[in-house]
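Coordinates in review
Here is how the chains run, residue by residue.
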Amino acid sequence: QVQLVESGGGLVQAGASLRLSCAASGRYNMGWFRQAPGKEREFVATIRWSTGSSYYADSVKGRFTISRDVAKNTLYLQMNSLKPEDTAVYYCAARSRTGWPTISEQEYAYWGQGTQVTVSS
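The paragraphs below set out a description of the structure included in this document.

Cut-offs used in this document
Residues numbered from 1 in each chain as written. Predicted model: local features only at pLDDT ≥ 70, side-chain atom pairs only at ≥ 80, totals over all residues. Heavy atoms only, no water. Core = buried A, V, L, I, M, F, W, Y, C linked by side-chain atoms within 4.5 Å. Buried < 20%, exposed > 50% of the residue type's maximum accessible area, 1.4 Å probe, protein only. Helix = DSSP H or I, 4+ residues; strand = E, 2+ residues; numbered from the N terminus. Contact = heavy atoms within 4.5 Å. Polar contact = N/O pair within 3.5 Å; in protein donor to acceptor, adjacent residues only side chain to side chain. Pairing = 2+ DSSP bridges. Axes fitted to C-alpha atoms, helices over the stretch in contact; angles between N-to-C directions. Phe/Tyr/Trp six-rings, centres within 6.5 Å; stacked < 30°, edge-to-face > 60°.

Attention now moves to the nonpolar core. Counting residues in hydrophobic clusters, the biggest one holds 32 residues, and the most contacted among them are Met-30, Trp-32, Leu-77, Met-79 and Tyr-90. Of all elements in the fold, only strand 3 (18-24), strand 4 (30-35), strand 5 (42-47), strand 7 (64-69), strand 8 (74-79), strand 9 (88-94) and strand 11 (115-120) reach the threshold of two or more residues within this core. Residues contacting Met-79, with those up to four places away along its chain left out, are Ala-16, Ser-17, Leu-18, Leu-20, Arg-63, Phe-64, Tyr-90 and Val-117.

On to the side chain of Thr-115, then. Position of Thr-115 among the secondary structure elements: in strand 11. With a relative accessible area of 10%, Thr-115 lands in the buried category. Polar side-chain contacts of Thr-115 include one of 3.2 Å to the backbone nitrogen of Gly-9. Discounting chain neighbours no more than four positions away, the residues touching Thr-115 are Glu-6, Ser-7, Gly-8, Gly-9, Leu-20, Ala-88, Val-89 and Tyr-90.

Our next topic: the environment of Glu-6. In this structure, Glu-6 sits in strand 1 (residues 4-7). As a C-alpha pair, Glu-6 and Cys-22 span 16 residues in sequence and 4.3 Å in three-dimensional space. Residues contacting Glu-6, with those up to four places away along its chain left out, are Ser-21, Cys-22, Trp-32, Tyr-90, Tyr-91, Cys-92, Gly-112, Gln-113, Gly-114 and Thr-115. A distance of 2.7 Å separates a polar atom in the side chain of Glu-6 from the backbone nitrogen of Cys-92. A distance of 2.9 Å separates the side chain of Glu-6 from the backbone nitrogen of Gln-113, its partner in a polar contact.

One open sheet holds the four strands; their spatial order is 1-3-8-7, and the pairing between them is antiparallel. The outermost strands of the open sheet, each flanked by one partner alone, are strand 1 and strand 7. Within the sheet, the average angular offset between the axes of one strand and its neighbour, ignoring direction, is 15 degrees.

Our next topic: the packing of aromatic side chains. Any two aromatic rings considered together are summarised by their centre-to-centre distance and by the angle between their planes. For the structure shown, the criterion picks out seven aromatic pairs. For the ring pair Tyr-28 and Tyr-110, a centre distance of 6.1 Å and an interplane angle of 45 degrees mean the geometry is tilted. Here Tyr-110 lies in strand 10 (residues 110-111) and Tyr-28 lies in the loop between strand 3 and strand 4, a separation of 82 residues in the sequence. Residue Tyr-110 is classed as partly exposed on the basis of its relative accessible area of 27%. Residues Tyr-91 and Trp-111 carry aromatic rings whose centres are separated by 6.5 Å and whose planes lie at 75 degrees to one another, so their mutual orientation is edge-to-face.

It is worth spelling out the environment of Trp-100 at this point. With respect to the helices, strands and loops of the structure, Trp-100 is situated in the loop between strand 9 and strand 10. C-alpha separation for the pair Trp-100 and Ile-47, spaced 53 residues apart in sequence, amounts to 7.9 Å. For Trp-100, the contacting residues outside a window of four places in its chain are Asn-29, Thr-46, Ile-47, Arg-48, Ser-53, Ser-54 and Tyr-55.

Residue position: Val-12 is located in strand 2 (residues 10-13). Among all residues touching Val-12, those that are not within four sequence positions of it are Leu-18, Leu-82, Thr-118, Val-119 and Ser-120.

These results come straight from atomic positions and should not be treated as a statement about function.
So this is what it looks like as structure tokens:
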């Protein structure tokens, strides 16, 4: 059983930074997704746990960085230059099988409860 708990969300001004964390009970290839009000859940970033290789959605490329602390079994999403359109609930997710990169939410078996990120203009 995999337990995922996100933290680090909040209300910030445009241009600010936030770092999201996800405490996991196991080590899998993992990802971040987000869902804005009235919108479909969308892929943000994924990381290959073993190597740290990363892959990003075009909308966040160059602004967000996904990383992991192997010793702490923790996933991070560093978000810089935040924009109002980044406002969403952010979810940590984990795969249950090998394979990377994976951008489809259908390929992720485990999900956290989500953490709210709100960016004001």
